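Residues per chain, in single letters:
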Amino acid sequence: MMWTCPECGRSFKRRNQGHYCGKAPETIDAYIAAQPEEARQYLKAVRSAIRQVLPEAEEKISWSMPTFWNKHNIIQFAGFKKHIGLYPGPEAVETFAERLKGYKTSKGTIQLPYDKPLPLALIGDIARWCYETGKHP
């Protein structure tokens, strides 16, 4: 049975599924500003780690998520209730599997929980790898 959000009218498989209601933000700054206060510092840190290694990439919103782009999506991230989702694509998750031990991963996705220090150097290495190899989400 599907659940329908009473605020935005979208339907989901799970009851009270977390999602973004309303119009998607147009910039990464707007995206971060719309997140709960406790998530903002983590989102800013992830953005900064990626920006340091991809200064030439354009920042934009794609699929309602902060995205670094250069002729294609390079890497994306998003804030959730208990973690940051990093979306480098399945090949990046496989390539960095050893360094990602201790983090929850699935096909193309890495969960970075708020209760652990962010692996900023690893995030930068993954972003650079995605850009240099052309392997991306």
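Residues numbered from 1 in each chain as written. Predicted model: local features only at pLDDT ≥ 70, side-chain atom pairs only at ≥ 80, totals over all residues. Heavy atoms only, no water.

1. Notes on the pairing of strand 5 (residues 73-79)
Argument step 1. The buried count for strand 5 comes to 7 of 7 residues, which makes it a mostly enclosed element.
Argument step 2. Relative to strand 5, strand 4 (residues 65-69) runs antiparallel, the two being bridged by 3 bridges. For Thr-67, the partnering residue across the bridge sits in strand 5 and is Gln-76.
Argument step 3. Counting the residues between successive antiparallel strands, the hairpin from strand 4 to strand 5 contains 3 residues, one of them, Lys-71, with a positive phi of roughly 70 degrees.
Argument step 4. Both strand 5 and strand 6 (residues 83-87) contribute to a ladder of 4 bridges, which runs antiparallel. Counted as the bridge partner of Phe-77 is Leu-86 from strand 6. (Buried < 20%, exposed > 50% of the residue type's maximum accessible area, 1.4 Å probe, protein only. Helix = DSSP H or I, 4+ residues; strand = E, 2+ residues; numbered from the N terminus. Pairing = 2+ DSSP bridges.)

2. What about the packing of aromatic side chains?
Argument step 1. The final tally for this structure, using the stated rule, is 3 aromatic pairs.
Argument step 2. Relative to Trp-129, the ring of Phe-96 has its centre 6.0 Å away and its plane inclined at 90 degrees; by these criteria the two rings are edge-to-face. Here Phe-96, found in the loop between helix 3 (90-95) and strand 7 (104-106), pairs with Trp-129, found in helix 4 (residues 120-133); they are 33 residues apart in sequence, far enough to count as distant.
Argument step 3. Owing to a relative accessible area of 18%, Trp-129 belongs among the buried residues under this scheme.
Argument step 4. If you follow Lys-116 out to its NZ or CZ, it ends over the ring of Tyr-103, 4.3 Å from the centre. (Phe/Tyr/Trp six-rings, centres within 6.5 Å; stacked < 30°, edge-to-face > 60°. Lys NZ or Arg CZ within 6 Å of the ring centre and 35° of its normal.)

3. Quick look at the packing of helix 2 (residues 37-53) against helix 4
Argument step 1. At a closest axis distance of 8 Å, the pairing of helix 2 and helix 4 adopts a crossing angle of 50 degrees. With respect to their mutual orientation, helix 2 and helix 4 come out oblique. In the crossing of helix 2 with helix 4, the sense of the turn from one axis to the other is right-handed. Touching Ala-45, Val-46, Ala-49, Ile-50 and Val-53 of helix 2 are Leu-120, Ile-123, Gly-124, Ala-127 and Arg-128, all from helix 4.
Argument step 2. Across the contact of helix 2 with helix 4, the residue classes break down as 8 nonpolar, 1 polar and 1 charged. (Axes fitted to C-alpha atoms, helices over the stretch in contact; angles between N-to-C directions. Parallel < 35°, antiparallel > 145°, perpendicular 65-115°, else oblique. Left-handed = near helix turned anticlockwise from the far one by under 90°. Contact = heavy atoms within 4.5 Å. Nonpolar A, V, L, I, M, F, W, Y, C, P; charged D, E, K, R; others polar.)

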